Amino acid sequence: MTDVVVVGSVNYDLGLRVQRLPWAGETVLSSSLTRRSGGKGANQAVAVREAGASCAMVGVVGADGAALVGQLEEAGVDVTRIRSDPGATTGTAVIMIDDDGQNSIIVSSGANDALTAAEVRAAIAGTRGARVVLTQGESPVAAIAAAAEAAEAASLRFVLNLAPAIDVPRHVVAVADPLVVNELEAEETALALGVGTDDLSGPDLAEALAEVARSVVITLGAGGAVWAARGEGGRAHAQRVEVIDTTGAGDAFVGAMVARLTRGGDLAAAVDSGVSAGTRAVQYAGARAAEAR
C-alpha cells in the first residue's frame, strides 16, 4: 500500500559555494564543491517519507545512478518503479549558493528525459492504495500529462509542481489540485495560460490561476505561501530564521504538504505543514535534511 506516487527526476547535485552569484559574463571563485543526491522528484519523495506518508518513485537513472536509487531505498521510498537506462547519464544539477543562502540552478536532464508516458501510466495503475500522484517540471511533458490522466482515471488527487515552469497542456493544469509554483513560476505559468498578470501578485495571482487549476499554492520564500481554491483562499506565514541554503526548501514544502493531504488535511492545513517544513529546510545545507545531519 502506497500513499503517494511521485513521478519525477533523480539527479546528482553539484553545489558550488560562492560569495555572490555571478553577473552574465562574469567569473567568480567558489570556496567549496559538494556532490549530493538530488532531483526535484527524488527530493520530494524523501520529503513525503520524512513527513510520515508512504511513497513510491517513478523515474529513470543512468548507468551511474545506482547509488542514488540506493539512497532513496534507505530513506524508505519504494524504488521498484525506477528504471536504469544503461545508455544514458543520470541527470545533474549545478547549484550556486551565495553567502545569503540564495541559489541559481542549471539542470541537465540526462536519463530523466527517457521517462515514458507508458511506464508512468503502468506504474500508477499498478500501485495499490495511492491517494496522490505528484509530479514536477523536471519530467518530460508527455510523462507529466500521462501522470495527470492516470490520476484522473484512478480518481486520485493530482499535485503539479511546475518547477521549472515549463509549458504543459492546459487540460493538465486544469486537474492540478493544487498547482504549486513560486512567485516567478506563477507569473510564467499565468502568461503561458493567458491569465492576466498586470498588477497581480500573491493572493490575487493565486486566485487568477485558480480559474484554470482546481487549486493553487504560491510559495513566497521568507513570506510563507498563499493558496486559493474554489472561491476560498488564505496565507501561511513563515517563521523568521537564519538562512543557510534555500536549495530544496521548495521540495521540502511540497513533500510535507502532500503528506498532510494524504491524512485528510484540508489545503490550508497542508500549506501550513509545507511552510513549516520549508522553514526548517533553509537552516541546513543541501536539498535533503537527512544528508545534513
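Residues numbered from 1 in each chain as written. Predicted model: local features only at pLDDT ≥ 70, side-chain atom pairs only at ≥ 80, totals over all residues. Heavy atoms only, no water.

Peer 1: When you look at the overall build of the protein in this model, what are you seeing that I'm missing?
Peer 2: The secondary structure content of the protein amounts to 10 helices and 13 strands. Taking 19 Å as the expected radius of gyration for a compact globule of 293 residues, we find that the protein reaches 18 Å, a close match to that expectation. By principal-axis analysis of the C-alpha atoms, the protein measures approximately 50 × 45 × 35 Å. Long-range pairs, those at least 24 residues apart, make up 64% of the contacts in the protein between residues at least 6 apart in sequence. Counting 22 positive and 35 negative side-chain charges, the protein places the averaged centre of each group 7 Å from the other. (Helix = DSSP H or I, 4+ residues; strand = E, 2+ residues; numbered from the N terminus. Rg over C-alpha atoms; globule rule 2.2 N^0.38 Å. Contact = heavy atoms within 4.5 Å. Lys, Arg positive; Asp, Glu negative; His and termini not counted. Charge placed at Lys NZ, Arg CZ, Asp CG, Glu CD.)

Peer 1: Where do I start with the pattern of salt bridges in this structure?
Peer 2: When the charged atoms of two side chains lie near each other, side chains of opposite charge can form a pair. Inspection of the entire model under this criterion finds eight salt bridges. Of the charged contacts in the structure, one is a salt bridge between Asp3 and Arg131, with a shortest N-O distance of 2.5 Å. With Asp3 in the segment before strand E1 (4–7) and Arg131 in the loop between helix H3 (117–125) and strand E8 (132–136), this pair connects stretches of sequence that are 128 residues apart. With a closest N to O distance of 3.1 Å, Arg214 and Glu152 form a salt bridge. Of this pair, Arg214 sits in the loop between helix H7 (202–209) and strand E11 (215–219) while Glu152 is found in helix H4 (residues 141–153), placing the two residues 62 residues apart along the sequence. On the basis of relative accessibility, which here comes to 33%, the residue Arg214 falls in the partly exposed class. When salt bridges with common partners are traced through the structure, they connect Arg157, Asp177 and Arg230 into a single cluster. (Salt bridge = Lys/Arg side-chain N within 4 Å of Asp/Glu carboxyl O. Buried < 20%, exposed > 50% of the residue type's maximum accessible area, 1.4 Å probe, protein only.)

Peer 1: Whenever I open this one, the side chain of Glu138 confuses me. Can you help?
Peer 2: Secondary-structure assignment places Glu138 in the loop between E8 and H4. Despite its burial, Glu138 remains without a salt bridge, the nearest opposite charge being carried by Lys40 at 5.0 Å. Within the local environment of Glu138, its side chain forms a polar contact with the side chain of Ser9, the two groups lying 2.5 Å apart. Leave out the neighbours within four places in its chain, and Glu138 touches Ser9, Asn11, Gly39, Lys40, Val107, Asn112, Ala163 and Pro164. (Polar contact = N/O pair within 3.5 Å; in protein donor to acceptor, adjacent residues only side chain to side chain.)

Peer 1: I tried to follow the side chain of Asn11 on my own but got confused; where do I start?
Peer 2: With respect to the secondary-structure elements, Asn11 resides in strand E2 (residues 11–18). One polar contact links Asn11 to Asn112, side chain to side chain, over a distance of 2.7 Å. The contact partners of Asn11, leaving out residues within four places of it in the chain, are Arg36, Ser37, Gly38, Gly39, Leu68, Thr90, Gly91, Thr92, Ala93, Val107, Asn112 and Glu138.

Peer 1: Help me out: how do you make sense of the pairing of strand E6 (residues 91–97) in this one?
Peer 2: Residues in a regular strand project their side chains so that they alternate between the two faces of the sheet. Alternating residues of E6 divide into Gly91, Ala93, Ile95 and Ile97, all buried, and Thr92, Val94 and Met96, none buried. Alignment of E2 against E6, held across seven bridges, turns out to be parallel. Paired with Leu14 across the strands is Val94, a residue of E6. With six bridges connecting them, E6 and strand E7 (residues 103–108) associate as antiparallel partners. Note on E7: the bridge partner recorded for Thr92 is Ser108. Hairpin connection of E6 to E7: five residues between the antiparallel strands, including Gly101 at a positive phi of 85°. (Pairing = 2+ DSSP bridges.)

Peer 1: How do you make sense of the nonpolar core when you look at a structure like this?
Peer 2: When a protein is soluble and globular, its nonpolar side chains tend to lie buried together. With 47 residues, the main nonpolar core has Phe158, Leu160 and Ile218 as its most contacted residues. By residue number, the principal contributor to this core is H4, which donates eight residues. Other than its neighbours up to four places away in sequence, Phe158 contacts Val133, Thr135, Ile144, Ala147, Ala148, Ala151, Val172, Val175, Ala176, Asp177 and Pro178. Counting 37 residues, the second largest nonpolar core, distinct from the first, contains Val79, Trp227, Phe253 and Val258. (Core = buried A, V, L, I, M, F, W, Y, C linked by side-chain atoms within 4.5 Å.)

Peer 1: Even after reading the chapter, I still don't get the sheet that holds E8, so can you show me in this structure?
Peer 2: Sheet strands pair via backbone hydrogen bonds, and the direction of the pair is either parallel or antiparallel. Spatially, nine strands are ordered E5-E4-E1-E8-E9-E10-E11-E12-E13 in an open sheet, and the strand pairing comes out mixed. Looking at strand neighbours, the two that pair on one side only are strand E5 (78–85) and strand E13 (232–236), the edges of this open sheet. Shown here is a sheet whose adjacent strand axes are inclined to one another by a mean of 15°, direction ignored. Pairing geometry for E1 and strand E4 (residues 55–62), over four bridges, is parallel. Bridged to Val7 within E4 is Val58. Sheet contacts for helix H6 (residues 183–193): strand E10 (179–182) and E11; angle to E10, the most-contacted strand, approximately 120°. (Axes fitted to C-alpha atoms, helices over the stretch in contact; angles between N-to-C directions.)

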